[in-house]
Amino acid sequence: MAFDALETPFGKTDKIVGGAATYISLSASYFVKPVNVVSVVGGDFDQDHIRLMHTRQISTEGVQVKENEKSFFWAGRYFNDMNSRETLATELNVLADFDPIIPQNYQGCEYLMLGNLAPAVQRSVIERLEKRPKLIVMDTMNFWMDIALEELTQTIGMVDVLSVNDEEARQLSGEYSLVKAAKKIMDMGPKYLIIKKGEHGALLFHQDRVFFAPALPLEEVFDPTGAGDTFAGGFIGYIASTGDISFENMKRAVIHGSAMASFCVEQFGTERLKNLTQEEIDARVQQFVNLVAFDTVLS
């Protein structure tokens, strides 16, 4: 839970609410309730957003508030292709010494989504749960591969599903081929691997099986910030709503996650995720289904 300041070819914002936990929880809340968040903010965090989370039955009991400190802040500028960006400022603030606390009524959770944070912090959350969840999904990024590879590898070995982008998959595995990269990464421990390819969709790997989900062609992409986290929230939210962790259901979860991410990029920050309707979500999922549906006759 953080503040972002963004600049894209479509405009710029001052400080707005962002952060992995924010996007993940909002997205997941359209599929399952309650969503329990573990995070940390400063005394400067937007109380209106906390109230919004509560209206969506997102519990903030696990959110530590450090009144005399500032929330995490990131500023970035996106280039014309919207796939590459430049970091203008990163201020860790309260995240610098974040020690997650799991409230007692969060214990017994069946589905755990580890947003992108230091792998030691992610691992501590797993270790502080009294019972292992039915499914643990983890997101990470190349920054941790650069500075904390040993800790990252250890944490990856504890999860069921890892979610990275194509560049990160190649860096983590040392393989350019994403099929070879997937095999190496799954050998580290995860049973499933999601490789996100931005505007080119996402791949889901399990053993020797591969599923590809396209990205929805959109007329305008205003802000890609949080799209990966929104995808993750939709993915695990859908799985939690169905209680089915089979590969076949994960395919459906990837489509639902992709649909949620396609909403996220249509406006700055979390704006588009605040008031979606079930009809909008169903229609967007159907658009994804239509993208890949076809009939053929093989001779």
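None of these values were measured; they are calculated from a predicted model. (Residues numbered from 1 in each chain as written. Predicted model: local features only at pLDDT ≥ 70, side-chain atom pairs only at ≥ 80, totals over all residues. Heavy atoms only, no water.)

Taken in spatial order, the six strands of this open sheet run 8-9-10-11-12-13, and their pairing is mixed. Each edge of the open sheet is held by one strand with a lone partner, namely strand 8 (111-114) and strand 13 (209-213). Neighbour-to-neighbour, the strand axes of the sheet open up by a mean angle of 15°, direction not taken into account. Bridge count for strand 8 against strand 9 (residues 135-139) is four bridges, and the pairing is parallel. Bridging across to strand 9, Met113 finds its partner in Val137. Its contacts with the sheet place helix 3 (residues 119-127) against strand 8 and strand 9, and it is angled at close to 165° to strand 8. Sheet strands in contact with helix 8 (residues 227-242) are strand 8, strand 9, strand 10 (161-165) and strand 11 (192-196), and its direction is about 175° off that of strand 8. (Pairing = 2+ DSSP bridges. Helix = DSSP H or I, 4+ residues; strand = E, 2+ residues; numbered from the N terminus. Axes fitted to C-alpha atoms, helices over the stretch in contact; angles between N-to-C directions. Contact = heavy atoms within 4.5 Å.)

Contact pair helix 8 / helix 9 (residues 247-264): the axes reach a minimum separation of 7 Å and the direction vectors enclose 140°. In terms of orientation, helix 8 and helix 9 fall into the oblique class. Here helix 8 runs over helix 9; the crossing is right-handed. For the pair formed by helix 8 and helix 9, the contact residues are Ala227, Thr230, Phe231, Gly234, Phe235, Tyr238, Ile239 and Thr242 on the first element and Asn249, Met250, Arg252, Ala253, Val254, His256, Gly257, Ser258, Met260, Ala261 and Cys264 on the second. (Parallel < 35°, antiparallel > 145°, perpendicular 65-115°, else oblique. Left-handed = near helix turned anticlockwise from the far one by under 90°.)

At their nearest, the axes of helix 1 (residues 20-28) and helix 8 sit 7 Å apart, and the two run at 40° to each other. Put simply, helix 1 runs oblique to helix 8. In this structure, helix 1 crosses over helix 8, and the sense of that crossing is right-handed. Across the interface between the two elements, Ala20, Tyr23, Ile24, Ser27 and Ala28 of helix 1 pack against Asp229, Thr230, Ala232, Gly233, Gly234 and Gly237 of helix 8. Per-class residue counts for the contact of helix 1 with helix 8 are five nonpolar, five polar and one charged. (Nonpolar A, V, L, I, M, F, W, Y, C, P; charged D, E, K, R; others polar.)

Residue position: Asp14 is located in the loop between strand 2 (11-12) and strand 3 (16-18). Taking the C-alpha atoms as reference points, Asp14 and Asn165, separated by 151 residues in sequence, lie 27 Å from one another. Those residues within four positions of Asp14 in sequence are excluded, and the remaining contacts are Asp4 and Ala5.

Examined against the element boundaries, Arg123 turns out to sit in helix 3. Setting aside anything within four residues of it in sequence, one finds Arg123 in contact with Glu151, Gln154, Thr155 and Met158.

All right, on to the packing of aromatic side chains then. Per the stated rule, a full pass over the model turns up six aromatic pairs. On the basis of an interplanar angle of 85° and a centroid distance of 6.3 Å, the ring pair of Phe31 and Tyr238 is categorised as edge-to-face. Of this pair, Phe31 sits in the loop between helix 1 and strand 4 (35-42) while Tyr238 sits in helix 8, and the two are 207 residues apart along the sequence. Tyr238 shares its class with Phe31; the two are buried. (Phe/Tyr/Trp six-rings, centres within 6.5 Å; stacked < 30°, edge-to-face > 60°. Buried < 20%, exposed > 50% of the residue type's maximum accessible area, 1.4 Å probe, protein only.)

With that settled, consider the pattern of salt bridges. Counted under the stated rule, the structure contains 17 salt bridges. One salt bridge in this structure joins Asp97 and Lys66, with 3.4 Å as the shortest N-O distance. Taken as a pair, Asp97 in the loop between strand 7 (85-91) and strand 8 and Lys66 in strand 5 (residues 58-66) lie far apart in primary sequence, 31 residues in all. A salt bridge links Asp166 to Lys197; its shortest N-O distance comes to 3.9 Å. You can see Asp166 sitting in helix 6 (residues 166-173) and its partner Lys197 sitting in the loop between strand 11 and strand 12 (202-206), a full 31 residues away along the chain. Ionic contacts of the salt-bridge type, sharing partners, join the residues Glu266, Arg272, Glu280 and Arg284 into one network. (Salt bridge = Lys/Arg side-chain N within 4 Å of Asp/Glu carboxyl O.)

Burial in helix 6 covers these residues: Glu168, Ala169, Leu172 and Ser173. For helix 6, the angular spread of the buried residues around the axis is 120°, confining them to a single face. Next to the buried residues of helix 6 lie helix 4 (142-147), helix 5 (149-156), strand 10, helix 7 (178-186) and strand 11. Positive backbone phi, at 75°, marks Gly174, one or two positions downstream of helix 6. (Arc of directions from axis to C-beta.)

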